[in-house]
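# Structure at a glance
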Amino acid sequence: MDVKDLKIFQAVAQHGNFSKAAVQLNYVQSNITNRMNKLEADLKTTLFHRNNRGVILTSEGTLLLEYTERILNLFKEATEAMGNSDVPSGQLAIGATDITTAVRLPPVLAMYHQQYPEVQLSLKTGSTEELVHEVLTYKLDAAFITDAIHHPKISYEPLIEEQLVFVADKSHPPITAINDLQNRTILVFRSGCTYRAKLEQWLREEGVFPVKKMEFGTIEGMLGCVKAGLGVALVSKCIADQLAENGQINCYPVPMQQHHVTTVFIKRQDVPTSNALKKFLEATKKSFE
């Protein structure tokens, strides 16, 4: 078993299919099949349940995948550490919520790319729940989420507090209390979003039942529907202020106990901070000041 075998095994596990893994790795399928058969023989265990549609990991395969992700991540770190420590290089995978990506990250990304062009930086957006999972499974080096998370394998650093407000189109009746959302339509992000969880918990506690809930995958789509008069959304004040200045929406304050979320930077505790990630966090803090 070598690193190449583990990379092949990881690709097969991710795709659930030998042929798709072969396409990704630019190998012929027979080579993929032979190497996985040999890996199973070397380990004296069955890693995959095979069927007509592809493969599914066995319990032993699931365990090996956990070790594989850790081993490949350490291999990547070791390779990067052998380079010039003064000049960040290599790959850096960052995750962020849609709102953080839209509002806070553009100047960070521009500054970082200009200063450290040797780093191959990638950005993935998602809900807080999705991003935590991606960090835990070594798919992201770090991520921006909303509100602190207490997990034994994750370290976190609060960066900035965001104030929350309700936004609605200009013709919507004023929102002076949470009860004003009774029998209204609320617009939310997909499941796993902190903003959505906060709003839904608040509505339950107050016994308020909106007539409809519309779910969106992007902040642009949700705000577009707010402007069109489809419903009310809970968003950060910095986004709302930009739209309010253009006369596109009205903003309404949120009570103190519900009025903020904190943007938090997370990474796995057992993964050393690479120079590329260290410089990225420095650029982030400078931009967030």
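Look up a bit, the structure's there.
Keep in mind that what you see is a predicted model, and the values were worked out from it rather than measured.

### Points about unusual backbone geometry
In this model, Asn 26 sits at a positive phi of 65°, which is unusual for a non-glycine residue. Mapped onto the secondary structure, Asn 26 falls in the loop between helix H2 (18–25) and helix H3 (29–43). Classification of Asn 26 by relative accessible area gives exposed; the value is 70%. The phi dihedral of Lys 44 falls on the positive side, at around 55°, and the residue is not glycine. By the secondary structure assignment, Lys 44 is in the loop between H3 and strand E1 (48–51). With a relative accessible area of 74%, Lys 44 lands in the exposed category.

### Focus: a nonpolar patch on the surface
On the surface, Leu 63, Tyr 67 and Ile 71 cluster together into a nonpolar patch covering about 280 Å² of accessible area. Position of Ile 71 relative to the elements: it lies in helix H4 (residues 59–81).

### Some remarks on the nonpolar core
Residues Phe 166, Val 167, Leu 181, Leu 199, Ile 219, Met 222 and Val 235 are the most contacted members of the largest nonpolar core, which totals 36 residues. Leu 105, Val 108, Ile 160 and Leu 281 belong to the second-largest nonpolar core, a separate cluster that totals 18 residues.

### With respect to helix H10 (residues 237–245)
For H10, the set of buried residues is Ile 239, Ala 240 and Leu 243. The buried residues of H10 occupy an angular sector of 95° when the element is viewed end-on, so they sit on one face. The inward-facing, buried residues of H10 contact helix H5 (98–103), strand E6 (154–169), helix H9 (219–227), strand E9 (232–236) and strand E10 (249–253). Of the residues trailing H10, Gly 247 is marked for its positive phi of about 70°.

### Concerning the pattern of salt bridges
The tally for this structure, following the rule as stated, stands at 16 salt bridges. A salt bridge links Arg 190 to Asp 98; the nearest nitrogen and oxygen atoms lie 3.9 Å apart. With Arg 190 in the loop between strand E7 (185–189) and helix H8 (194–206) and Asp 98 in helix H5, this residue pair connects regions lying 92 residues apart in the sequence. Relative accessible area serves as the criterion here: at 13%, Asp 98 is assigned to the buried category. The network of salt bridges with shared partners includes Arg 196, Glu 200, Lys 213 and Glu 215.

### Concerning the environment of Tyr 116
Looking at where Tyr 116 falls in the secondary structure, it is placed in the loop between helix H6 (105–115) and strand E4 (119–125). Here Tyr 116 falls in the buried class, since its relative accessible area comes to 17%. As for Tyr 116 and Leu 43, which are separated by 73 residues in sequence, their C-alpha atoms are 42 Å apart. Here Tyr 116 is in contact with Pro 88 and Lys 279, once residues within four sequence places are set aside.

### Remarks on the pairing of E6
Sheet topology note: the E6/strand E11 (residues 260–268) ladder contains nine bridges and is antiparallel. Residue pairing across strands places Glu 161 opposite Thr 262, the latter belonging to E11. Where E6 lies against E9, four bridges are found, and the strand directions are antiparallel. In the sheet register, Val 165 faces E9, and the bridge partner there is Val 235. Relative to E10, E6 runs antiparallel, the two sharing five bridges.

Each value, and the rule that gives it
- Residues numbered from 1 in each chain as written.
- Predicted model: local features only at pLDDT ≥ 70, side-chain atom pairs only at ≥ 80, totals over all residues.
- Heavy atoms only, no water.
- Helix = DSSP H or I, 4+ residues; strand = E, 2+ residues; numbered from the N terminus.
- Buried < 20%, exposed > 50% of the residue type's maximum accessible area, 1.4 Å probe, protein only.
- Patch = residues over 30% accessible without salt bridge, like charges linked within 9 Å, V, L, I, M, F, W, Y side chains within 5 Å.
- Areas by Shrake-Rupley, 256 points an atom, 1.4 Å probe, with all protein chains shown as cover.
- Salt bridge = Lys/Arg side-chain N within 4 Å of Asp/Glu carboxyl O.
- Core = buried A, V, L, I, M, F, W, Y, C linked by side-chain atoms within 4.5 Å.
- Arc of directions from axis to C-beta.
- Contact = heavy atoms within 4.5 Å.
- Pairing = 2+ DSSP bridges.

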